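Secondary and tertiary structure notes
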There are 2 protein chains.
Amino acid sequence: MTQLLRLQNFTVSADGYGAGTGQSLERPFGHADPRELMAWALATASFPGPTGPGATRGLDDRLAGDFHHGIGAEIMGRHKFGPQRGPWADHDWQGWWGDEPPFRTPVFVLTHHPRPSFTLGATTFHFVGGDPPEVLAQARAAAGGLDVRLGGGAETVRAFLDADLVDTLHVVVSPVVLGAGSRLWESPDVLDDRFHHDVVPSPSGVVHHLLWRR
Amino acid sequence: MTQLLRLQNFTVSADGYGAGTGQSLERPFGHADPRELMAWALATASFPGPTGPGATRGLDDRLAGDFHHGIGAEIMGRHKFGPQRGPWADHDWQGWWGDEPPFRTPVFVLTHHPRPSFTLGATTFHFVGGDPPEVLAQARAAAGGLDVRLGGGAETVRAFLDADLVDTLHVVVSPVVLGAGSRLWESPDVLDDRFHHDVVPSPSGVVHHLLWRR
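What counts and how
- Residues numbered from 1 in each chain as written.
- Chains lettered and ligands numbered in written order.
- Predicted model: local features only at pLDDT ≥ 70, side-chain atom pairs only at ≥ 80, totals over all residues.
- Heavy atoms only, no water.
- Pairing = 2+ DSSP bridges.
- Helix = DSSP H or I, 4+ residues; strand = E, 2+ residues; numbered from the N terminus.
- Axes fitted to C-alpha atoms, helices over the stretch in contact; angles between N-to-C directions.
- Contact = heavy atoms within 4.5 Å.
- Buried area = accessible area lost by both parts, 1.4 Å probe.
- Salt bridge = Lys/Arg side-chain N within 4 Å of Asp/Glu carboxyl O.
- Polar contact = N/O pair within 3.5 Å; in protein donor to acceptor, adjacent residues only side chain to side chain.
- Nonpolar A, V, L, I, M, F, W, Y, C, P; charged D, E, K, R; others polar.
- pLDDT = per-residue confidence, 0-100.
- Least-squares fit on C-alpha atoms with pLDDT ≥ 70 in both.
- Phe/Tyr/Trp six-rings, centres within 6.5 Å; stacked < 30°, edge-to-face > 60°.
- Buried < 20%, exposed > 50% of the residue type's maximum accessible area, 1.4 Å probe, protein only.
- Lys NZ or Arg CZ within 6 Å of the ring centre and 35° of its normal.

**Focus on the sheet that holds strand 6 (residues 123-128) of chain B**
Residue and element names in this part refer to chain B. Taken in spatial order, the nine strands line up as 5-6-4-3-7-1-8-11-10 in an open sheet, and their pairing is mixed. With partners counted over all chains shown, the strands left at the sheet margins are strand 5 (118-120) and strand 10 (195-201), one partner each. Each adjacent strand pair in this sheet contributes to an overall mean axis angle of 20°, direction not counted. With five bridges joining them, strand 4 (residues 106-110) and strand 6 adopt parallel strand pairing.

See the structure below:
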């Protein structure tokens, strides 16, 4: 069984930004409003969001539900864990994800600054340096034979795409326009030379892009 | 956690038939060609088909993969198990599904003719009479807290719809025309008074219909 590296539910604005500018402790998405950007997912019955499950069980829900299916580990960029830059000053602060983070697997946080691993609920955070192939090898070893989720943000996704390590992508384009921030792509077709690509408009107003290796 | 009753991957012709006429041991779908009707699913990486996994990982694959997600039992009509009518004449014949049926849960086969349960691979077949609410109660009790899949055929789906027991439906309309057989509906909009309904055309040429209770 191949262990895929999969991007799931990664949502970008109509102009391709996964988050805005000016990230801070209070604003993980910077000037972007995550409730607006992620509205499509928050409305679904299966999304592991901060406010509990929503109500819809249509297309958006089916795709959002794949977040957990067959996943044994996640790799995330440091800025998905917290807003800090440089050496870790405060080990008491344990990230944006609360006492029961929705990952429920080992999570590998990319950082060149060492920090001890810790466990919250069913999620264990590890802090790892190394280049994308090295980190992916660690995550695969921890995934119990299952796939590895590439968690974002946009810089992290691009680094793993540049290293040609990503097997499937689920990117959701929201009708929001951000103008600046952390950008995944200039256009959804930029990967078409390397990936098959299903473009699936949803009745909710977002467009799902499902890509898999050629 | 609610235990839903879910129809998954149920494929009908453009004119609404789930199977053709003239079912026999050699032709489970009667005059319909299942390789044609189910071509959309057989091409996907996750479909538990007789020829092993296909290759695509786009929209069709995401939806086909929900076949197993969160399912703890299946209910199927007798003619999905075999072509026999009346009392069981031959207990040695154990159904169309081979030594490793793809269900991998308890399966409740609807029949008024008693037959002992048996296990093949990870699947145990039970043969049950009773009306839809009684059968659903048995399947739920066997599902270990998970959802129950409604397996078809069309008559079985209609019986559970008539009893208002179905929570979600995933029906796939294939461009094939059959003209006669076992019919699910005259048109995909016949349930819109009772269900929300996402209509999702796939790049493969089929149309996915995702319905959930209002």
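From this point, the discussion proceeds with the structure in view.
**Describing the interface of chain A and chain B**
At the interface, 19 residues of chain A touch 19 residues of chain B. Buried surface at the junction of chain A and chain B, both sides included, amounts to about 1,800 Å², of which 61% is carbon and sulfur. When the buried surface of chain A facing chain B is broken down by residue, Arg57(A), Arg62(A) and Trp212(A) rank first, second and third, together holding 37% of it. Of the charged contacts in the structure, one is a salt bridge between Asp66(B) and Arg62(A), with a shortest N-O distance of 3.5 Å. One can count three residue pairs in polar contact (both at pLDDT 80 or more) joining chain A with chain B. Among the secondary structure elements, those contributing two or more residues to the side of chain A that touches chain B are helix 3 (59-64), strand 8 (168-173), strand 10 (195-201) and strand 11 (207-213) of chain A. Counted by class, the side of chain A that touches chain B contains nine nonpolar, six polar and four charged residues.

**What to know about the confidence of the model for chain A**
Across chain A, the average pLDDT comes to 95, with 96% of residues at or above 70. Confidence estimates for the predicted assembly give a pTM of 0.94 and an ipTM of 0.91.

**Description of the relation of the copies chain A and chain B**
With an RMSD of 0.0 Å, the operation that places chain A on chain B is a rotation of 180° combined with a shift of 0.0 Å along the axis. Viewed as a symmetry operation, the transformation between the two copies matches a two-fold axis. Looking at chain A, 100% of its interface residues are interface residues in chain B too, so the copies touch through the same face.

**Some points on the packing of aromatic side chains**
In total, this model carries 24 aromatic pairs over all chains according to the counting rule given. Taking 4.8 Å as the distance between ring centres and 70° as the angle between the ring planes, the aromatic pair formed by Trp97(A) and Phe103(A) counts as edge-to-face. A residue is classified by how much of its surface remains accessible, and Trp97(A), at 29% relative accessible area, is partly exposed. Each residue in the set Phe67(A), Phe81(A), Trp88(A), Trp93(A), Trp96(A), Trp97(A), Phe103(A), Phe118(A), Phe125(A) and Phe127(A) is aromatic and connected to the rest through ring pairs, giving one cluster. In this structure, Arg149(B) packs its charged tip against the face of Phe67(B), placed 3.7 Å from the ring centre.

**Remarks on the pattern of salt bridges**
Applying the stated rule across the entire model yields 20 salt bridges over all chains. Among the salt bridges present, the one from Arg35(B) reaches Asp33(B), with a minimum N-O distance of 3.3 Å. Note on Asp33(B): relative accessible area 26%, which makes it partly exposed. One salt bridge in this structure joins Arg213(B) and Asp167(B), with 2.7 Å as the shortest N-O distance. Taken together, the residues Arg213(B) in strand 11 (residues 207-213) and Asp167(B) in the loop between helix 6 (154-162) and strand 8 (168-173) connect sequence positions 46 residues apart. The class of Arg213(B) is partly exposed, set by a relative accessible area of 30%. When salt bridges with common partners are traced through the structure, they connect Arg140(A), Asp164(A), Asp167(A), Arg194(A) and Arg213(A) into a single cluster.

**Here's the deal with unusual backbone geometry**
Cis geometry is found at the peptide bond from Gly152(A) to Gly153(A), where omega equals 0°. The topology assignment puts Gly153(A) in the loop between strand 7 (147-150) and helix 6 (154-162). For Asn9(B), which is not glycine, the phi torsion reads 60° and is therefore positive. Mapping Asn9(B) onto the fold places it in strand 1 (residues 5-12). You can call Asn9(B) buried: its relative accessible area is 6%. One non-glycine residue, Arg104(B), adopts positive backbone phi at about 60°. The class for Arg104(B) is exposed, based on a relative accessible area of 51%.

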